Amino acid sequence: MTKQINTLLMTSLFFMRMVLVIWMAAYTASATSAPVSGPIKWHPGHYYAINMGDKNNSNYMAKVYSELKKTPALRGVQIRYTWAELEESYGVYNFSSIDKRLAELAAQNKRLVIVLQIKAFDPNIAFVPEYLRTGIYDEGIFAYNNGGTAIIKGHNIKLWNSELRDRLVALVSALGMRYNSHPYFEGIGLTETSMGVPIKSLSKIQVDDFYNNLLIVNKKMREFFPNTMTFQFTNQPRPILESFIGNLSAMGTGLGGPDIFIEDPGLNSLGDKSSPSGVYSYYSKLSGITPLTPSVMQSNYKNTKWDGTGYAPTVLELLIFAREKLKANYIFWTRAPEYFPKVLALLNESNQTSDPAGGLDPNCPKAYNSCID
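Predicted, not measured: the structure shown is a model, and the values here were computed from it.

In this section: the confidence of the model for the chain. Of all residues in the chain, 90% have pLDDT values of 70 or greater, and the mean over the chain is 90. Low pLDDT, under 50, characterises residues 1–36; the stretch is placed with 82 contacts to residues that sit more than four places away or in other chains.

Tracing the sequence through the fold places Glu67 in helix H3 (residues 58–69). The class of Glu67 is buried, set by a relative accessible area of 13%. Polar side-chain contacts of Glu67 include one of 2.8 Å to the side chain of Arg335. Aside from chain neighbours lying at most four places away, what touches Glu67 is Tyr48, Arg335, Phe340 and Leu344.

Glancing now at the side chain of Arg335. Locating Arg335 in the fold gives a position in the loop between strand E15 (330–334) and helix H13 (340–347). Since its relative accessible area comes to 11%, Arg335 is described here as buried. Among all residues touching Arg335, those that are not within four sequence positions of it are Tyr48, Ala49, Tyr60, Lys63, Val64, Glu67 and Phe340.

A few words now on the state of the cysteines. Counted under the stated rule, the structure contains 1 disulfide. The disulfide that involves Cys364 links it to Cys371, with 2.1 Å between the sulfurs. As the torsion about the S-S bond is roughly 75 degrees, the Cys364-Cys371 disulfide counts as right-handed. By relative accessible area, which is 23% here, Cys371 ends up partly exposed.

On to the packing of aromatic side chains. Using the criterion set out here, one finds 20 aromatic pairs in the structure. Consider the rings of Phe231 and Phe332, whose centres lie 5.7 Å apart with planes at 40 degrees: the pair is tilted. Of the two residues, Phe231 is situated in strand E12 (residues 229–233) and Phe332 in strand E15; the sequence distance between them amounts to 101 residues. Both residues of the pair, Phe231 and Phe332, count as buried. Among the aromatic residues, those joined into a cluster by ring pairs are Trp42, Tyr47, Phe231, Phe233, Tyr330, Phe332 and Tyr368. Over the face of the ring belonging to Tyr282 we find Lys285, whose NZ or CZ atom lies 4.9 Å from the ring centre. Taking the ring centre of Phe340 as reference, the NZ or CZ of Arg335 above it sits at 4.1 Å.

Strand order in the closed barrel made by the 8 strands is E2-E3-E6-E10-E12-E13-E14-E15, with parallel pairing throughout. Neighbouring strand axes in the sheet, compared pairwise and without regard to direction, differ in orientation by 25 degrees on average. One ladder, built from 4 bridges, connects strand E10 (residues 185–190) with E12; its direction is parallel. The residue bridging Gly187 from the neighbouring strand is Met229, located in E12. Lying over the sheet, helix H7 (residues 204–224) contacts E10 and E12, oriented at roughly 165 degrees with respect to E12.

Let us now look at empty space enclosed by the protein. Regions of empty space are outlined by a rolling probe, equal in size to a water molecule, passed over the atoms. This model, assessed by the stated rule, comprises 2 cavities of 30 Å³ or more. Taken as a whole, the largest cavity holds about 60 Å³ of empty space. Looking at the largest cavity, the residues that line it are Ile118, Lys119, Asn156, Ile157, Leu159, Thr191, Glu192, Phe210, Leu214 and Gln232. Residue classes in the lining of the largest cavity are distributed as 5 nonpolar, 3 polar and 2 charged. Approximately 30 Å³ is the volume attributed to the second largest cavity.

The rules behind these values
- Residues numbered from 1 in each chain as written.
- Predicted model: local features only at pLDDT ≥ 70, side-chain atom pairs only at ≥ 80, totals over all residues.
- Heavy atoms only, no water.
- pLDDT = per-residue confidence, 0-100.
- Contact = heavy atoms within 4.5 Å.
- Helix = DSSP H or I, 4+ residues; strand = E, 2+ residues; numbered from the N terminus.
- Buried < 20%, exposed > 50% of the residue type's maximum accessible area, 1.4 Å probe, protein only.
- Polar contact = N/O pair within 3.5 Å; in protein donor to acceptor, adjacent residues only side chain to side chain.
- Disulfide = S-S within 2.5 Å.
- Phe/Tyr/Trp six-rings, centres within 6.5 Å; stacked < 30°, edge-to-face > 60°.
- Lys NZ or Arg CZ within 6 Å of the ring centre and 35° of its normal.
- Pairing = 2+ DSSP bridges.
- Axes fitted to C-alpha atoms, helices over the stretch in contact; angles between N-to-C directions.
- 1 Å grid on protein atoms, 1.4 Å probe; cavity = no way out; pocket = protein on both sides within 12 Å on 5 of 7 lines; lining within 4 Å.
- Points joined across faces, edges and corners; volume = space filled by probe spheres on them.
- Nonpolar A, V, L, I, M, F, W, Y, C, P; charged D, E, K, R; others polar.

In structure tokens form, the structure reads like this:
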């Protein structure tokens, strides 16, 4: 879900561009090895994004698998996992759900993409391991809202804390060792870059370190998944996008989108001297260079703008926008109860069944040395 950052924070973030550029140059120079860029498992096309809370519900998953069988254009499933689900206590990992879903999908010749949920959109969700809620990790999480209210909308991780960052890197390492070589493990990504508006103000150093460490985690993910597509859902804040996305592209990390709001001005803005460009302007520039992986969330079926002032688009409009404007290699379609029958009907039309990529760009990105089927 797209979040807006308040004016004061956005002004501060303008100064981060050069910080990120300088940091990335220094970090790359000091790294012991550069990210490996191929051969990469590459099966672009349409993927089903399922309800996170139902991924271990056998009845729900049986319906999903039935729909996959009837919809050849769906190449697989995207599933979100919270950090807490995967790391039950310090260094104790539980990947049994991933293993089970992966086996079930492989049996259908379908593929799995996972998203690490490191931001919660519900204040009641315990999404990080309990051990992170201690002093060495700065209590682990911070509360945020949407601006203009003191009501907590969710929590984000205190990624400026280097100890916490290293624990996230450890999780990514464990996942890479287990799944990088699995032929049906298609990709892994991180949740959106928007921090939300912190209830308690953050310092400029904390904000800078948050995004610097997010780049470090992405770089490590490329190293731990040398044969697997990786991506970062990116939306806000606009002042850092040019540098941040440039660094992602340089390391071979895909540009993903948590939402497709067709008319949203903040996402579509071409920018000027006083206002940076929105994230959608970067997709066409990176077409053919890095993976492009936008998502259609439930709210995107309902309205073309995040604030609800647009109109309800058709599923075809969402597809055309993702395919033509965002140049998508992958689209993650949320299985929303009111809308998924329309998605399935569209994906079963000839335009999406005539090739494996379902009409999306199938070409191997230049960031990779090679792609394998």
